[in-house]
Amino acid sequence: MDAPIIALAARVKEIKASPTLAVDAKAKALKAEGADVLNFSVGEPDFDTPPHVCEAGKAAIDQGFTRYTPVPGILPLREAVCERLATDHGWQYRPDQIQVSCGGKHGLYNMAQALFGPGDEVLVPAPYWVSYPPIVQLAGATPVIVPLDEKSDFDLDPAVLQQYAGPKTRGIILNSPSNPTGSVLSAGALEAIAQMALAQGWVVISDDIYDTIVYGAAKLPHILDVDPRLQQQTLILNGVSKSFAMTGWRIGYTAGPKHIIAAMNKIQSQSTSNPSSVAQKAALAALTGSQDFPITMRDAFVPRLDFMIKALTAIPGVTCVRPRGAFYVFPNLSAYYGRETPGGKEINDSVALADYLLEEALLATVPGVAFGADQFIRFSFATSMAILAEGMRRLAQALAVLK
Ligand SMILES: *Cc1c(COP(=O)(O)O)cnc(C)c1O
């Protein structure tokens, strides 16, 4: 007798596995077979975690700091988060307004579980980070996608936002600088969002994970600086994955109103209990030690960014908004849709183009459709200049032979 096929929960069918991690897996598999794949798909810095941070992690192990911690994270780490928010931004938070989670992504997950449910709509500007819509869906709520325009550097147009807002709107997710576009929200857009959020009682989720990787001198405008009243309805998401090249340590944090953090702690207490004790000690060293590392990393990205913009915009038909932060470029390659590969396959969308680039040019990229923007392809420039140069040569060549 055949074993019965166990049915899965309906919520699993609604969502897809992270497409960026899927491309990465495919590229790694090709590489393992010996193919000379250049990986432009990775969403993490190509730097090692700074030594003093690693040492703090090792010391935690040696000192036996290897047991459960308080659910919201150890107090010194939450105090260090408050200190950073005060020093870097002038925002006042107390430790009971901070939750440390297993990466920033998990902080978003806890937020959505604590705040949203069936019937709720959450505004998600697109291009969006791949995980926003599924995290909202896993809470039973509906992501409402608000399109951003490449022509206005992917800034949010308040008139467009107004069209997508409605009586069921509970909140909005902001990401400035953005993954995948690298764009930032203008002061004008933030002003308009702030007014709507205050008038309608929306919760504003501000994903600030790239706020240390910003190009150009000026301090970025932030929703909390528009109107101090917004602190009552805003959740700040950040972490050490990008700023201190600590993606594998899994430490993120949320700052927000005490009652929402308490609700998130309830969810965390019944799911992961707490983030890794050892990783928390490492993150503490990152947040309380020298803040030079993110600056060094940012400075290293500048020539790569300049190179990528120059190389991409030199390709006929390609447009690319210049990122103001993060380490991605998001060129519009749709001028090549409707063409045919030398092998006779038609390229009609970002998935077909990304597949062609991977199979024929051995370039791993992420198709824009994963970010809700099918005309584009995302390239990470968190890789060496030599790889960037060879990659752009292959890209230009692969596009030139399309008929
Ligand atoms: C990387 C990233 C995060 C968080 O990553 P974690 O490793 O889970 O901390 C959050 N938002 C965006 C937009 C990201 O790119």
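Just so it is clear, the structure is predicted and the values come from calculations on it, not from any experiment.

**Some points on the overall build of the chain**
Along the chain, the regular secondary structure elements total 14 helices and 14 strands. In terms of overall dimensions, the chain is globule-like: its C-alpha atoms have a radius of gyration of 21 Å, near the 22 Å expected for 403 residues. Each principal axis of the C-alpha distribution contributes one length, and for the chain these read about 70 × 60 × 55 Å. Counting over 403 residues, the chain shows a buried share of 53%. At a minimum sequence separation of 6, the contacts of the chain that also span at least 24 residues come to 72%. If the 33 positive side-chain charges of the chain are averaged to one point and the 38 negative ones to another, these points end up 3 Å apart.

**Notes on the site of the ligand**
The environment of the ligand is formed by 13 residues, the closest being Gly104, Asp207, Tyr210, Ser241 and Lys242. In this structure, Tyr210 approaches the ligand through a side-chain N or O atom, which is 2.7 Å from an oxygen atom. For the ligand, an oxygen atom lies 3.0 Å from a polar atom in the side chain of Lys242. The protein chains hide 94% of the 380 Å² of surface that the ligand would expose on its own. Residues belonging to the shell around the ligand are distributed by class as follows: four nonpolar, five polar and four charged.

**Some thoughts on the sheet that holds strand β9 (residues 328-329)**
Taken in spatial order, the three strands of this open sheet run β9-β14-β13, and their pairing is antiparallel. Of all strands in the sheet, those bounded by a partner on one side alone are β9 and β13 (366-367). By the bridge criterion, two bridges tie β9 to strand β14 (residues 377-380) in an arrangement that is antiparallel. In the sheet register, Tyr328 faces β14, and the bridge partner there is Ser380.

**Some words on the packing of aromatic side chains**
If you walk through the whole model with that rule in mind, you get 14 aromatic pairs. Ring centres 6.1 Å apart and planes at 85 degrees place the aromatic pair Phe301 and Phe381 in the edge-to-face group. In this pair, Phe301 sits in helix α12 (residues 292-313) while Phe381 sits in the loop between β14 and α14 (385-400), placing the two residues 80 residues apart along the sequence. Phe301 sits in the buried class, given a relative accessible area of 0%. We classify Phe381 as buried; its relative accessible area is 0%. On the basis of an interplanar angle of 10 degrees and a centroid distance of 4.9 Å, the ring pair of Phe330 and Phe376 is categorised as stacked. Taken together, the residues Phe330 in the loop between β9 and β10 (339-340) and Phe376 in the loop between β13 and β14 connect sequence positions 46 residues apart. Across the pair, Phe376 and Phe330 agree in class, each one buried. Taken together, the aromatic side chains of Phe47, Tyr210, Phe244, Phe293, Phe301, Phe327, Tyr328 and Phe381 make up a single cluster linked through ring pairs.

**Points about the packing of helix α13 (residues 350-361) against α14**
In a pair of packed helices, the angle between the axes and the distance between the axes together describe the arrangement. Where α13 meets α14, the closest approach of the two axes is 11 Å, and the angle between their N-to-C directions is 110 degrees. Classified by the interaxial angle, the pair formed by α13 and α14 is roughly perpendicular. Relative to α14, the crossing made by α13 is right-handed. Between α13 and α14, the residues in contact are Leu353, Tyr356, Leu357 and Ala361 and Arg394, Leu395, Ala398 and Leu399, respectively.

**Some thoughts on the state of the cysteines**
Tallied over the full model, the rule gives zero disulfides. Free cysteine: Cys54, not disulfide-bonded; nearest cysteine sulfur from Cys102 at 19 Å.

**Structural notes on the domain arrangement of the chain**
Along its sequence, the chain is carved into domain 1 (10-48 + 293-400) and domain 2 (51-288). Spacing between the C-alpha centres of domain 1 and domain 2 amounts to 26 Å. Each side of the interface is counted separately: domain 1 has 38 residues, and domain 2 has 30 residues. Interface area for domain 1 against domain 2, summed over the two sides, is near 2,900 Å², with a carbon-plus-sulfur share of 64%.

**Remarks on the pairing of strand β3 (residues 121-126)**
Burial analysis of β3 places five of its six residues in the buried class, which makes it a mostly covered element. Here β3 runs beside strand β4 (residues 142-147); their pairing, made up of six bridges, is parallel. For Leu123, the partnering residue across the bridge sits in β4 and is Val144. Handedness of the crossover joining β3 and β4 through helix α6 (residues 132-138) is recorded here as right-handed. With three bridges connecting them, β3 and strand β5 (residues 169-175) associate as parallel partners. When the sheet's bridge partners are listed, Glu121 is paired in β5 with Thr169.

**With respect to α12**
Taking 1.5 Å per residue as the helical rise, α12 with its 22 residues ought to reach 32 Å, and the 32 Å between its terminal C-alpha atoms agrees with that figure. Residue Val302 marks the point of greatest curvature in α12, where the axis turns by about 25 degrees; the proline Pro303 follows within four residues. Residues of α12 that are buried include every one of Phe293, Pro294, Met297, Phe301, Arg304, Leu305, Met308, Ile309, Ala311 and Leu312, and no others.

What counts and how
- Residues numbered from 1 in each chain as written.
- Predicted model: local features only at pLDDT ≥ 70, side-chain atom pairs only at ≥ 80, totals over all residues.
- Heavy atoms only, no water.
- Helix = DSSP H or I, 4+ residues; strand = E, 2+ residues; numbered from the N terminus.
- Rg over C-alpha atoms; globule rule 2.2 N^0.38 Å.
- Buried < 20%, exposed > 50% of the residue type's maximum accessible area, 1.4 Å probe, protein only.
- Contact = heavy atoms within 4.5 Å.
- Lys, Arg positive; Asp, Glu negative; His and termini not counted.
- Charge placed at Lys NZ, Arg CZ, Asp CG, Glu CD.
- Near = heavy atom within 4 Å.
- Polar contact = N/O pair within 3.5 Å; in protein donor to acceptor, adjacent residues only side chain to side chain.
- Areas by Shrake-Rupley, 256 points an atom, 1.4 Å probe, with all protein chains shown as cover.
- Nonpolar A, V, L, I, M, F, W, Y, C, P; charged D, E, K, R; others polar.
- Pairing = 2+ DSSP bridges.
- Phe/Tyr/Trp six-rings, centres within 6.5 Å; stacked < 30°, edge-to-face > 60°.
- Axes fitted to C-alpha atoms, helices over the stretch in contact; angles between N-to-C directions.
- Parallel < 35°, antiparallel > 145°, perpendicular 65-115°, else oblique.
- Left-handed = near helix turned anticlockwise from the far one by under 90°.
- Disulfide = S-S within 2.5 Å.
- Domains from an automatic or database assignment.
- Buried area = accessible area lost by both parts, 1.4 Å probe.
- Right-handed = clockwise from strand over helix to strand, strands pointing away.
- Expected span 1.5 Å × (residues − 1).
- Bend = angle between axes of the 7 residues up to and from the residue.

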